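# Coordinate analysis (summary)
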Amino acid sequence: MTVLVVGGAGYIGSHMVKTLKKNNIETVVFDNLEKGHLEAIKDTLFHKGDLRNKDEVESVFQNHKITAVMHFSAYSLVGESMEKPEIYYENNVFGTLNLLNAMKKAGVKHFIFSSTAAIFGEPVKLPINEDHPQKPTNVYGETKLAVEKMLDWYDKIYDIKNVKLRYFNAAGADPSGEIGEYHETETHLIPLILQAALGERKHITIYGNDYDTKDGTCIRDYIHINDLTDAHLLALNYLEIEKKSNFFNLGNGCGHSVKEIIAVAKKITGKNIKVINGNRRPGDPAILIATSKKAKEVLDWSPKLNNINTIVETAWKWHNGTAKKWKKNYA
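Quick caveat: nothing in here was measured; it's all calculated off a predicted structure. (Residues numbered from 1 in each chain as written. Predicted model: local features only at pLDDT ≥ 70, side-chain atom pairs only at ≥ 80, totals over all residues. Heavy atoms only, no water.)

### Some words on the state of the cysteines
In plain terms, the rule: The disulfide criterion is simple: two cysteine sulfur atoms within 2.5 Å. The buried label goes to any residue with under 20% of its type's maximum accessible area, the exposed label to any with over 50%, and the partly exposed label to all in between, with areas taken from a 1.4 Å probe on protein chains only.
Counted according to the given criterion, the structure contains zero disulfides. Counting only cysteine sulfurs, cysteine 254 is the nearest neighbor of cysteine 218, a cysteine outside any disulfide, at a range of 16 Å. Relative accessible area serves as the criterion here: at 6%, cysteine 218 is assigned to the buried category. Cysteine 254 gets classed as partly exposed once you look at its relative accessible area, which sits at 33%.

Below is the structure:
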């Protein structure tokens, strides 16, 4: 078996590559390095290319005997998607169309898609299960939903079987500290807090402290990156054995508020992190919590690093260690 990891030099993709190689699965990475980092995929077969370029996409299938594809290459900033919708449709939808057509041409039948809780929009019930209404409130979520629908048709018409994995808040880093989350423009809460702890930011801003929650701040379901990659591995096995499409929500089933995450980070880092209050951001739901009952029952998936302290500890080990070297390289 040879798995093509599209976007494999990015945050989630690079952790997936490490998991695949740990399980002795031959891996090929396809990435344009716009946001990915070669340091994250050392000694991995690498093919530089862009999903928006049909010839570059087809060439990787011509040069390697691919048996399954995992797709992580998407623009994912909600705010940016509302300012530049055209680049989100071009990369996330058109790029995936190129990928699926290249798979069809090469006869590759198994596809695992990195989807998102953003396809659901404002929650009407909690916890959120797979049957929750799908009404995205931003272009990013809309493009992911468009791809999910595209996958349904490519399954029915071309028999390309897929598993859609809808993440909630991916967080943490590989416990080794070798790879982790590094974005030149950071928007995720835990890295922002840890950057403040390191003195790389003057403070952390809480966007809204008047929500209808226990402490007034938003509550999110954080899931460790390695638990996500384990789910992808199980999804790959599911496709190999069952040969049918499916979809799953991935979360820990419990929520933590912004203030709680800051308190955990202060305890773990031993740093006094300055906090200021800001206005609510448009489209931020008060609470987002998943139920992953289906994934546990069908895939036999069970999160192992689901304690919030463990999630923050692994992220801190990364940010306080190897990440500093990466930042120097990209300064």
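### Digging into the packing of helix α4 (residues 85-106) against helix α5 (residues 139-158)
This is how the line gets drawn: Every axis corresponds to a line fitted to the C-alpha atoms, with the helix fit spanning only the stretch in contact, and the corresponding angles, defined between N-to-C directions, vary from 0 to 180 degrees. Numbering of helices and strands runs from the N terminus, with a helix taken as a DSSP run of H or I at least four residues long and a strand as a DSSP run of E at least two residues long. An angle counts as roughly parallel when it lies under 35 degrees, as roughly antiparallel when it exceeds 145, as roughly perpendicular when it falls between 65 and 115, and as oblique in every other case. Here a crossing is taken to be left-handed if its near helix is turned anticlockwise relative to the far helix by less than a right angle, and right-handed if that turn runs clockwise. Note on contacts: a residue pair is in contact if any heavy atoms of the two residues lie within 4.5 Å.
It is the contact of α4 with α5, at a shortest axis distance of 9 Å, that shows an interaxial angle of 20 degrees. Between α4 and α5, the crossing angle belongs to the class labelled roughly parallel. Viewed along their axes, α4 and α5 form a crossing whose handedness is right-handed. Listed contacts from α5 to Pro85, Tyr88, Tyr89, Asn92, Val93, Thr96, Leu97, Leu100, Asn101 and Lys104 of α4 are Val139, Tyr140, Glu142, Thr143, Ala146, Val147, Met150, Leu151, Tyr154 and Tyr158.

### Section: helix α8 (residues 258-269)
For clarity, the threshold we go by: Expected span of a helix, by definition, is 1.5 Å for each gap between consecutive residues, and there is one gap fewer than residues. The directions considered for the arc run from the helix axis to the C-beta atoms.
A rise of 1.5 Å per residue sets the reference length of α8, with its 12 residues, at 16 Å; its end C-alpha atoms lie 16 Å apart and thus fit the reference within 8%. Burial in α8 covers these residues: Val258, Ile261, Ile262, Val264, Ala265 and Thr269. Buried residues of α8 fall within an arc of 160 degrees about the axis and therefore sit on the same side. Here the buried face of α8 lies against α6 (189-197), β8 (204-207), β10 (222-224), β12 (256-257), β13 (275-278) and α10 (308-319). A positive backbone phi angle near 70 degrees is found at glycine 270, which sits one or two residues after α8.

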